[in-house]
Amino acid sequence: MNVSAHVDTFAKDNLPPVSDWPDLLLDGFDYPQQLNAAYELTDAMVAKGFGDHTALIGNGRRRTYKELADWTNRLANALVEDLGVKPGNRVLIRSANNPAMVACWLAATKAGAVVVNTMPMLRAGELKKYVEKAQITHALCDTRLMDEMIACAKGGDTLKTVVGFDGTANHDAELDRLALNKSVQFDTVQTAQDDVALIGFTSGSTGNPKATMHFHRDLLIIADGYAKEVLNVQPEDVFVGSPPLAFTFGLGGLAIFPLRFGATATLLENAAPPQMIEIIETYKASVCFTAPTAYRAMLRAMDEGADLSSLRAAVSAGETLPGPVYDEWQQKTGKPMLDGIGATEMLHIFITNRFEDHRPACTGKPVAGYEAKVIGKDGAELPRGEIGRLAMRGPTGCRYMFGERQGEYVQDGWNISGDAFVQDADGYFHFAARNDDVILSSGYNIAGPEVEAALLSHEAVAECAVIGAPDEERGSIVQAHVVLGAGEVPSDALVKRLQDHVKATIAPFKYPRSVVFTKALPKTESGKIQRFKLKENQA
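Residues numbered from 1 in each chain as written. Predicted model: local features only at pLDDT ≥ 70, side-chain atom pairs only at ≥ 80, totals over all residues. Heavy atoms only, no water.

Visitor: Before we go on, may I ask you to explain the overall build of the protein in this structure?
Guide: If you tally the helices and strands in the protein, you get 17 helices and 25 strands. For 539 residues, the compact-globule formula gives about 24 Å, and the C-alpha radius of gyration of the protein, at 23 Å, lands near that figure. The principal-axis extent of the C-alpha atoms belonging to the protein is close to 65 × 55 × 55 Å. A buried classification covers 59% of the 539 residues belonging to the protein. Long-range pairs, those at least 24 residues apart, make up 68% of the contacts in the protein with a sequence separation of at least 6. When the accessible surface of the protein is split by element, carbon and sulfur atoms take 48% of a total near 20,800 Å². Charge separation in the protein, taken as the distance between the mean sites of 53 positive and 68 negative side-chain charges, equals 2 Å. (Helix = DSSP H or I, 4+ residues; strand = E, 2+ residues; numbered from the N terminus. Rg over C-alpha atoms; globule rule 2.2 N^0.38 Å. Buried < 20%, exposed > 50% of the residue type's maximum accessible area, 1.4 Å probe, protein only. Contact = heavy atoms within 4.5 Å. Areas by Shrake-Rupley, 256 points an atom, 1.4 Å probe, with all protein chains shown as cover. Lys, Arg positive; Asp, Glu negative; His and termini not counted. Charge placed at Lys NZ, Arg CZ, Asp CG, Glu CD.)

Visitor: Honestly, the pairing of strand β13 (residues 337-342) in this entry has me stumped. Any pointers?
Guide: The side chains of a regular strand alternate between the sheet's two faces. Taking burial as the measure, the six residues of β13 include five buried ones, the bulk of the element. Pairing analysis gives three bridges linking strand β12 (residues 313-316) to β13, with the strands arranged parallel. Counted as the bridge partner of A314 is M337 from β13. (Pairing = 2+ DSSP bridges.)

Visitor: I keep staring at the pairing of strand β16 (residues 371-375) and nothing clicks. Help me out?
Guide: Within β16, four of the five residues are buried, which leaves the element mostly enclosed by the surrounding structure. Summarising the sheet, β16 and strand β17 (residues 388-393) pair through five bridges and their orientation is antiparallel. The residue of β17 that forms the bridge with I375 is R389.

Visitor: Is there a simple way to think about the packing of helix α9 (residues 216-231) against helix α10 (residues 248-260) in this case?
Guide: Where α9 meets α10, the axes come as close as 9 Å, and the angle between the chain directions of the two elements is 80°. As far as their axial angle goes, α10 and α9 are roughly perpendicular. Facing α9, whose interface residues are L219, L220, I222, A223, D224, Y226, A227 and L231, α10 presents G252, I256, F257 and R260. When grouped by side-chain class, the residues that make up the contact of α9 with α10 number nine nonpolar, one polar and two charged. (Axes fitted to C-alpha atoms, helices over the stretch in contact; angles between N-to-C directions. Parallel < 35°, antiparallel > 145°, perpendicular 65-115°, else oblique. Nonpolar A, V, L, I, M, F, W, Y, C, P; charged D, E, K, R; others polar.)

Visitor: Could you clarify how one ought to interpret the packing of aromatic side chains in this entry?
Guide: Geometrically, a pair of aromatic rings is defined through the distance of the ring centres and the angle of the planes. Within the structure shown, the criterion is met by 13 aromatic pairs. On the basis of an interplanar angle of 90° and a centroid distance of 6.2 Å, the ring pair of F10 and F402 is categorised as edge-to-face. Highlighted residues: F10 in helix α1 (residues 10-13) and F402 in the loop between β17 and α14 (406-409), separated in sequence by 392 residues. The class of F402 is partly exposed, set by a relative accessible area of 38%. On the numbers, 6.0 Å between centres and 55° between planes, the contact of F257 with F289 is tilted. (Phe/Tyr/Trp six-rings, centres within 6.5 Å; stacked < 30°, edge-to-face > 60°.)

Visitor: Help me understand the pattern of salt bridges, please; the structure alone is not making it clear to me.
Guide: Pairs can form between side chains of opposite charge once their charged atoms are near each other. In total, this model carries 26 salt bridges according to the counting rule given. Of the charged contacts, one joins K510 and E126 as a salt bridge, the two residues approaching to 2.9 Å between their closest N and O atoms. You can see K510 sitting in the loop between α16 (492-505) and β25 (514-517) and its partner E126 sitting in helix α6 (residues 124-134), a full 384 residues away along the chain. Residue E328 pairs with R300 through a salt bridge whose shortest N-O separation is 2.4 Å. Note that E328 is positioned in helix α13 (residues 323-333) and R300 in helix α12 (residues 292-303), a separation of 28 residues in sequence. The network of salt bridges with shared partners includes R300, D303, E328 and K332. (Salt bridge = Lys/Arg side-chain N within 4 Å of Asp/Glu carboxyl O.)

Visitor: Would you mind going over the packing of helix α11 (residues 273-283) against α12 with me for this structure?
Guide: Each pair of packed helices can be summarised by the angle the axes make with each other and by the distance between the axes. Across the interface, α11 lies against α12 with an axial gap of 9 Å and an inter-helix angle of 60°. Relative to α12, α11 is oriented oblique. Note that α11 runs across α12; the crossing there is right-handed. Listed contacts from α12 to P273, M276, I277 and I280 of α11 are A294, A297, M298 and A301. The residue makeup of the contact of α11 with α12, split by class, is eight nonpolar, no polar and no charged. (Left-handed = near helix turned anticlockwise from the far one by under 90°.)

Spelled out as structure tokens, the structure:
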């Protein structure tokens, strides 16, 4: 590793041992020893002549690359001079998708901080898990979302500084006022290319979030790999999409990819299909990142006259792309839908279809720089056509903070995903199933045990088990099988009360869309709930 610029060495100190890392295939991804990804996406783009190009569109405003560079430099000065951010400090950002969130992320990264982006739907208890695990010292929060952030900070020893920023275009909050009179020049911290820049949290199947650690070079690798090779991003491109910037899929697709190539990112706080369709029509968006659920809605809108002809690239990830959606999209647009698979551990997409090489119900082939294979329980590669675990390696890879469960995800130098795949005779990869109990619904990973814990905190619930139930629109939905306490009577009103309770306890998107009341849950002799029996009834 290179000489770190971090004064606060928590991130480096808690990387897993290098011997436990996956093999990193870095040929073709050559960067200087000192590298700051945020500088490369802002000031360096101005130096390359993109200063007058539109970088961000959102909340009724356009911002050029020069404006973005100046804005982030002012913010970075405020973070360092007024808030005491030191290189290596962990800085949490809480916001919906908007230009101000991107600016805060870039500013904190310029200051050498390790950023933890979070979704606006998370509650105080969920945020506290992140704060305690990553020992987060500073939080930058959209003032419209302050309540849960303040509740999270109460009673803790780590998070000392919580500052609000204005997520609208008004720039009227504490952080904005601190930045107002700062210089538009900032001496970007000369981080090493392998200094940790970003921590992405993934819940997995337990609800206990695992922290994946990504370097400055990783943030550029996903652009210089997938975005360049597969999407061939051009300065004229306009990006739109629905994934939260808190997801590495969203951060790549809606911030890093466009900014790396002088293109434009449109950011929507409400990225429901009607809003995305409006943006596509208004700004002639050319690259879209969303889940199949939204593409289904777009297809219906096209039947009603929506003009989505400006889209040249429709990227689908987050859930399996059904063959009929792929076929209908190609029939109506004459262009392929690019299905792919990524992982928080790998940062972004590593297997994908391509414009000139695509098939229905197929995930495609590895992105340049990556290798993939299907393995059996013994770790040996399986013959083509057999279902097994997906293993991959490339220029990015899994590094769990503290090395937690590192040996489960990384084996013999390969990253082992939680997905079962099959590779056909022509070398294409096809998704088969999930290996764990994570429920994948409309692109969101939802841990069943976390929903169960929320339900069990309601006085009416004696026992419960949560599974994923097949759903045509969402891929899967959260289904709760509930045993009620004595004296409780099943009713539609009780279903709604339980759903509302979950929404108020954890992020609302995790609530059970289906509630099944039952007298008893299937169990082993030792009393362990047999969720697989509930799933069998869904087949």
